[in-house]
Amino acid sequence: DAGVIQSPRHEVTEMGQEVTLRCKPISGHDYLFWYRQTMMRGLELLIYFNNNVPIDDSGMPEDRFSAKMPNASFSTLKIQPSEPRDSAVYFCASIGVSWGPMSEQYFGPGTRLTVT
Amino acid sequence: SQELEQSPQSLIVQEGKNLTINCTSSKTLYGLYWYKQKYGEGLIFLMMLQKGGEEKSHEKITAKLDEKKQQSSLHITASQPSHAGIYLCGAFVPGTYKYIFGTGTRLKVLA
């Protein structure tokens with residue numbers, strides 16, 4: 001398996017524009033997580049899905065952020081409108097059906113977002 | 001809410017030196033994970049500890065979980081430049097399906 005795939009790897013956009021980040025989890029994994037990493041706040045969980053259903057979105061900063069998982073192999077994180085403070089590295093991670101205290105997450109390479 | 005604190009926040013060591021990174025939880029841990037992140041890349045799983053007093057090793061990296069399961073340490077023996085990066089501890093929050101991560105430790109190894 002190619003691992004968790006994220007696109008784009010880098011995104012530079014102007015304030016006010018819509019940004020869409022994409023993630024393809026590892027085949028067969030039934031949990032998908034979106035994280036944001038900044039120097040100030042470290043690695044923060046934004047939202048996670050189980051079997052394509054959003055379970056907890058309490059980490060989503062505000063209404064400008066939305067995430068979807070239309071099927072088991074694809075998820076998007078959208079920011080509309082984007083702001084400079086959204087600049088960060090966004091990671092997607094997935095876990096297989098044996099998930100629990102015994103399982104580790106597999107991370108994608110991340111999308112580095114810069115909002116000017 | 002459960003939090004994970006790591007210390008030190010950053011570390012610069014000379015190649016060949018030993019070092020230790022600590023991770024302390026505000027509540028009992030039911031599984032503690034260590035990850036390594038190279039600058040600009042994703043996280044790579046190192047090892048997981050579950051039982052109090054458990055110790056695991058991989059190459060020159062050893063991780064331990066204390067008996068009370070509230071503190072873990074990561075020890076690197078004879079550090080090399082390839083060990084440089086950010087080390088993060090992570091844990092499953094009991095009663096939820098959330099993972100939380102520590103604040104991270106940035107390690108630099110001077111050749």
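Below, the structure is looked at part by part. All values derive from a computational prediction rather than experimental measurement.

Quick word on the overall build of chain A
So, step 1. Summing up its helical and strand segments, chain A has zero helices and eleven strands in all.
So, step 2. Element order for chain A, N to C, with α for helix and β for strand: β-β-β-β-β-β-β-β-β-β-β.
So, step 3. At 14 Å, chain A has a C-alpha radius of gyration in line with the 13 Å of a compact globule built from 116 residues.
So, step 4. In terms of its C-alpha atoms, chain A occupies a principal-axis envelope of roughly 40 × 30 × 30 Å.
So, step 5. Residue burial in chain A is summarised as follows: out of 116 residues, 52% are buried.
So, step 6. When contacts within chain A are restricted to residue pairs at least 6 apart in sequence, long-range pairs at least 24 apart make up 54% of them.

Observations concerning the nonpolar core
So, step 1. Counting residues in each nonpolar core, the largest one holds 23 residues, and the members touching the most others are Leu4, Leu32, Trp34, Leu74, Tyr87 and Leu107 of chain B.
So, step 2. Broken down by secondary-structure element, the contributors of at least two residues to this core are strand 3 (19–25), strand 4 (32–37), strand 5 (43–49), strand 7 (61–65), strand 8 (71–76), strand 9 (85–92) and strand 11 (105–110) of chain B.
So, step 3. If you look at the next biggest cluster of nonpolar residues, it comprises 21 residues, including Val4, Leu21, Leu77 and Cys92 of chain A.

Section: the side chain of His29 of chain A
All names here are of chain A.
So, step 1. You can see His29 is positioned in the loop between strand 3 (19–24) and strand 4 (31–38).
So, step 2. Reaching out from His29, the side chain makes a polar contact with the side chain of Ser94 at a distance of 2.7 Å.
So, step 3. A distance of 3.4 Å separates a polar atom in the side chain of His29 from the backbone nitrogen of Ile95.
So, step 4. If near-sequence neighbours (up to four positions away) are discounted, His29 is found in contact with Ser94, Ile95, Gly96 and Tyr106.

Some remarks on the interface of chain B and chain A
So, step 1. Counting residues at the interface gives 17 residues for chain B and 24 residues for chain A.
So, step 2. Summed over both sides, the interface of chain B with chain A buries roughly 1800 Å², with 59% coming from carbon and sulfur.
So, step 3. Summed over the shared surface of chain B and chain A, the result is zero salt bridges.
So, step 4. For the pair chain B and chain A, the interface holds two residue pairs in polar contact (both at pLDDT 80 or more).

Considerations on the sheet that holds strand 7 (residues 65–71) of chain A
All names here are of chain A.
So, step 1. Taken in spatial order, the four strands line up as 1-3-8-7 in an open sheet, and their pairing is antiparallel. Either end of the sheet is taken by a strand with one partner, and the two such strands are strand 1 (5–7) and strand 7. Across the sheet, the mean angle from the axis of one strand to that of its neighbour is 15 degrees, orientation sign disregarded.
So, step 2. Sheet analysis places strand 3 next to strand 8 (residues 74–79), joined by five bridges and oriented antiparallel. Across the sheet, the residue bridging to Leu21 is Leu77, located in strand 8.

Points about the sheet that holds strand 8 of chain B
Strand pairing within a sheet occurs via backbone hydrogen bonds; the two strands may be parallel or antiparallel.
All names here are of chain B.
So, step 1. Taken in spatial order, the five strands of this open sheet run 1-3-8-7-6, and their pairing is antiparallel. Each end of this open sheet is capped by a strand with a single partner; those strands are strand 1 (4–7) and strand 6 (55–58). Looking at each pair of strands side by side, their axes are set apart by 15 degrees on average, direction ignored.
So, step 2. Two strands pair when backbone bridges link them, and strand 1 and strand 3 are joined in this way by four bridges, in the antiparallel orientation.

Reading the values: rules and limits
One numbering rule holds for all chains: residues counted from 1, following each sequence as written. Each chain takes a letter, starting from A, and each ligand takes a number, starting from 1, following the order in which they are written. For a predicted model such as this one, the threshold for reporting local features is a pLDDT of at least 70, and the threshold for listing and counting side-chain atom pairs is 80 or more; totals across whole chains, interfaces and linings nevertheless cover every residue. The basis for the side-chain values is all heavy atoms of the structure; hydrogens and waters are excluded. Secondary structure elements follow DSSP: runs of H or I no shorter than four residues count as helices, runs of E no shorter than two count as strands, and numbering proceeds from the N terminus. This radius of gyration counts C-alpha atoms alone. The globule rule is 2.2 Å times how many residues there are, raised to the power 0.38. Think of it in three bands: with a 1.4 Å probe and only protein chains considered, a residue is buried below 20% of the maximum accessible area for its type, exposed above 50%, and partly exposed in between. Whether two residues are in contact is decided by their heavy atoms: any pair within 4.5 Å suffices. Nonpolar cores were defined as sets of buried Ala, Val, Leu, Ile, Met, Phe, Trp, Tyr and Cys residues, with membership established by side-chain atoms within 4.5 Å. For the purposes of these results, a polar contact is taken to be a pair of N or O atoms within 3.5 Å, where, inside protein, one atom must be able to donate a hydrogen and its partner to accept one; residues adjacent in sequence count only when each atom of the pair is a side-chain atom. When two parts are brought into contact, each loses some accessible area as probed by a 1.4 Å sphere; the total of that loss over both is the buried area. The rule for a salt bridge is simple: a side-chain nitrogen of Lys or Arg has to be within 4 Å of a carboxyl oxygen of Asp or Glu. A pair of strands is considered paired only if DSSP assigns at least 2 bridges between the two. Whenever a helix is involved, its axis is fitted only over the stretch in contact; in every case the axis is a line through C-alpha atoms, and angles between N-to-C directions fall within 0 to 180 degrees.

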